[in-house]
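# Commentary on secondary and tertiary structure
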Amino acid sequence: MGTYAITGIKAGATTDSKPLRLEVDSWYPTTKYEVQHSLFLWALRFLQNRHPSEKLSYYKIAGIHGSPYEPWDEDTSAKTEDEGYCTHDSLLFPCWHRPYVLLFETVSQQVLYEIMENEVITKLPENRRKVWHDAAATFRLPYWDWAEKKQRGDSVVYDVPLIAKHARIEVYNLKDGSTKVMIDNPMYKFTMPDGLVMGSYGVEDVEDGTMAIPFSKSVGTSRWALYEPESSQSWEEGEVDNEMAANALATHKWYKGENLPLAEMTYRLFLPEYIKSFAQFATTKYNTVHDPTGYLNLEFIHNNVHNWTGGTDKYIGHMTEVPVAAFDPIFFMHHCNVDRQFAIWQALNEDSADNWFEREDEQLPDNGTWSIEKGAIDTPDTPLAPFHKDTQATYFTSNDVKDWMKWGYSYPELQPWLPKYKQDGVFNKDLYTQDIRDQLQKLYSSPEVKHAPADVIINVEYKRFALGGIPYTLYFFLGDEKELVQYQEPLYTHPNLHGQDVPIPQDDPFVKVRVYHQAATDSTHRFQPGRYSQLKRATRGKVGGFSE
Ligand SMILES: N[C@@H](Cc1ccc(O)cc1)C(=O)O
């Protein structure tokens, strides 16, 4: 039988142009794509209903990412204990997730075709068949652009996709392909097909700080569900509070202290003043060769979106925890957007010498996954296991997925084939990249962002064990020291707070944080050079040293 070949979707793609993965809210509920919505929602439901022991079931595909810790589509044992396949805090982060999203997209479309051929096509009148066929052929997984504010009534707000909002959703009835029925929404949550707990097939509890979160007992996935012993029954069933998720996106509590809105943070990912190389762009992994402005990266923003979608503190949801995040169906639309940002950055930096990670001083040791030994150096040829390109067990590598268009899709911003980029009949690269930049600015930037290069970044280094191993939190303020002393409310509520860091005991005795301050959004927060020395005084001595 061979290995499962992740081919991507070929239908609808030509040598010149590729069907687009669309922003999910512009796809659903737009009537133009109505047939596609139904096909996709049915396909996802059928996929979720496949038995957890099947290789191409939703359960098994979601399980590739983290828990259960077991091989998929190969016969291997763990190179690193208690790790799944996903690569995080690694240069491979965007590359590994590219074939993963492609796998989900390819399998979804296969199911969607099966439904069309086996269930509906025979029941459809002749003149409707072409519409259904075209809808299936041009299907590509939509992405959730969480950094783009959405129109909701009279307001423009950050929000989860409309398709993931409600427990029930309307689709075409497969019996006739024309009337409508309501079904349980497979984008709202994943529920185990046989009603057994996820632990029956291997999902384990997750240790987070002092607590073991009982994901093994989940029957359905959750977002922002209050977890307390007395509410555990409904938590196990899977509870979703999308309002809380939207609120978290809007208030954006970056866990390492940066305080820009999500859209502006995202915009900065694409500014050459900030990020000059793929290694800076791709990952949270710290590399001493980076210059101080390169603190921002795709993985960091993505991490926060995971936590804001899943929930934090006493609210627990699957998206927050790496081992189980992919069980929430919103995961794949989130990662589709991560893939889009990766592709946009690639298109903008195609001509740069540092647009990949071939240089040895940029390559870094991996933290270890199911298939990568801890300490192994990540390179563009590291196998992206367990994803295979063919039935002969050939693994994907980062080099294989560098050109995303080879895999049958592109994104709205990335259509180099459009006539508007031609000058005297030939493709003009400058027109293309300038247009991408204009689109990014329109999507994410507000007038303040013009000041982006004037942002102030303060690098701080301090001793992790300054208090003899007792945990503590550091708060960074800009402003008058006296005001702080007099402040009665908890420090984290102070308007001049510019960053915070909680040193978690690890081997390294030093912690490096980047306190970041945006210039010129708000006059009360404006950085004034004279006050910098006060920050220095406020921290020096108390925690054992401070350096810029
Ligand atoms: N919880 C992770 C974020 C994360 C969650 C799930 C993922 O799959 C990946 C990253 C963090 O805070 O860093």
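Here's a quick rundown of the structure.

What counts as what
In this numbering scheme, every chain counts its residues from 1 along its sequence in written order. At least 70 in pLDDT is required for a residue's local features to be given in this predicted model, at least 80 for side-chain atom pairs to be given and counted, and no such filter applies to totals for whole chains, interfaces and linings, which use all residues. Hydrogens and water molecules were not included; the side-chain quantities draw on all heavy atoms of the structure. Nearness here has a simple test: a residue counts as near a molecule or strand if at least one of its heavy atoms is within 4 Å of that partner. Pairs of N or O atoms are called polar contacts if they sit within 3.5 Å, as long as, within protein, a hydrogen donor faces a hydrogen acceptor (for residues adjacent in sequence, only side-chain-to-side-chain pairs). Only the protein chains shown count as covering a residue, and every accessible area follows the Shrake-Rupley method with a 1.4 Å probe. Put simply, DSSP marks the helices as runs of H or I at least four residues long and the strands as runs of E at least two long, and each gets a number from the N terminus on. Three residue categories are used. Nonpolar comprises Ala, Val, Leu, Ile, Met, Phe, Trp, Tyr, Cys and Pro, charged comprises Asp, Glu, Lys and Arg, and polar comprises the others, including Gly. Axis geometry follows a simple rule: fit a line to the C-alpha atoms, using only the stretch in contact for helices, then measure angles between N-to-C directions, giving values from 0 to 180 degrees. In this scheme the handedness of a crossing depends on how the near helix is turned from the far one: anticlockwise by less than a right angle means left-handed, clockwise means right-handed. Contact criterion: two residues are considered in contact whenever any of their non-hydrogen atoms come within 4.5 Å of each other. To define a nonpolar core, start from buried Ala, Val, Leu, Ile, Met, Phe, Trp, Tyr and Cys residues and group those joined through side-chain atoms within 4.5 Å. Categorising residues by exposure relies on relative accessible area from a 1.4 Å probe, with only protein chains included: less than 20% of the type maximum marks a residue as buried, more than 50% marks it as exposed, and the intermediate range marks it as partly exposed. Only a pair of cysteine sulfur atoms within 2.5 Å counts as a disulfide in this structure description. Stacked, edge-to-face and tilted are the three classes for Phe, Tyr and Trp ring pairs, Trp counted by its six-membered ring, which pair at centre distances within 6.5 Å; planes under 30 degrees apart are stacked, over 60 edge-to-face, the rest tilted.

## Here we look at the site of the ligand
Taken together, 12 residues lie near the ligand, and His65, Asn303, His306, Asn307 and Thr320 sit nearest. Between the ligand and the protein, one listed contact pairs an oxygen atom with a side-chain N or O atom of asparagine 307 at 2.9 Å. Separating a nitrogen atom of the ligand from a backbone N or O atom of threonine 320 is a distance of 2.7 Å. Summarising the interface, the protein chains cover 81% of the accessible area of the ligand, which totals 340 Å² for the free molecule. Among the elements that line the shell around the ligand, the one with the most residues is helix H10 (residues 298–310), at four residues. Split by residue class, the shell around the ligand holds four nonpolar, seven polar and one charged.

## As for the packing of helix H2 (residues 34–49) against helix H5 (residues 126–137)
Packing of H2 against H5 leaves a shortest axis separation of 9 Å and a crossing angle of 65°. Between H2 and H5 the crossing geometry is right-handed. Along the contact surface, H2 presents Val35, Gln36 and Leu39, while H5 presents Arg128, Val131, Trp132, Ala135 and Ala136. Tallied by class, the residues present in the contact of H2 with H5 amount to six nonpolar, one polar and one charged.

## A look at the nonpolar core
The biggest cluster of nonpolar side chains holds 136 residues, and the ones touching the most others in it are Tyr100, Leu103 and Leu262. Looking at this core, the element that brings in the most residues is helix H4 (residues 93–120), giving 14 residues.

## Let's talk about the environment of leucine 418
Tracing the backbone shows leucine 418 in the loop between helix H12 (398–401) and strand E9 (422–423). What makes leucine 418 partly exposed here is its relative accessible area of 23%. Linking leucine 418 and tyrosine 432, residues 14 residues apart in sequence, is a C-alpha distance of 9.2 Å.

## Digging into the side chain of glutamine 363
Topologically, glutamine 363 is positioned in the loop between helix H11 (330–348) and H12. Of note is the side chain of glutamine 363, whose polar atom sits 2.9 Å from the backbone oxygen of phenylalanine 357. In this structure glutamine 363 touches Leu91, Phe357, Glu358, Ile377, Asp378, Thr379 and Pro380, once residues within four positions along its chain are discounted.

## Re the state of the cysteines
Within this structure, the stated rule accounts for zero disulfides. Left without a disulfide partner, cysteine 95 is nearest to the cysteine sulfur of cysteine 86, which lies 14 Å away. A relative accessible area of 0% means that cysteine 95 is categorised as buried.

## A short note on the packing of aromatic side chains
Summed over the entire model, instances satisfying the criterion amount to 34 aromatic pairs. When the ring of tyrosine 59 is compared with that of tyrosine 201, the centres are 5.8 Å apart and the planes differ by 70°; the resulting orientation is edge-to-face. Of the two residues, tyrosine 59 sits in helix H3 (residues 58–65) while tyrosine 201 sits in the loop between strand E4 (180–184) and strand E5 (206–208), which places them 142 residues apart along the sequence. A relative accessible area of 1% means that tyrosine 59 is categorised as buried.

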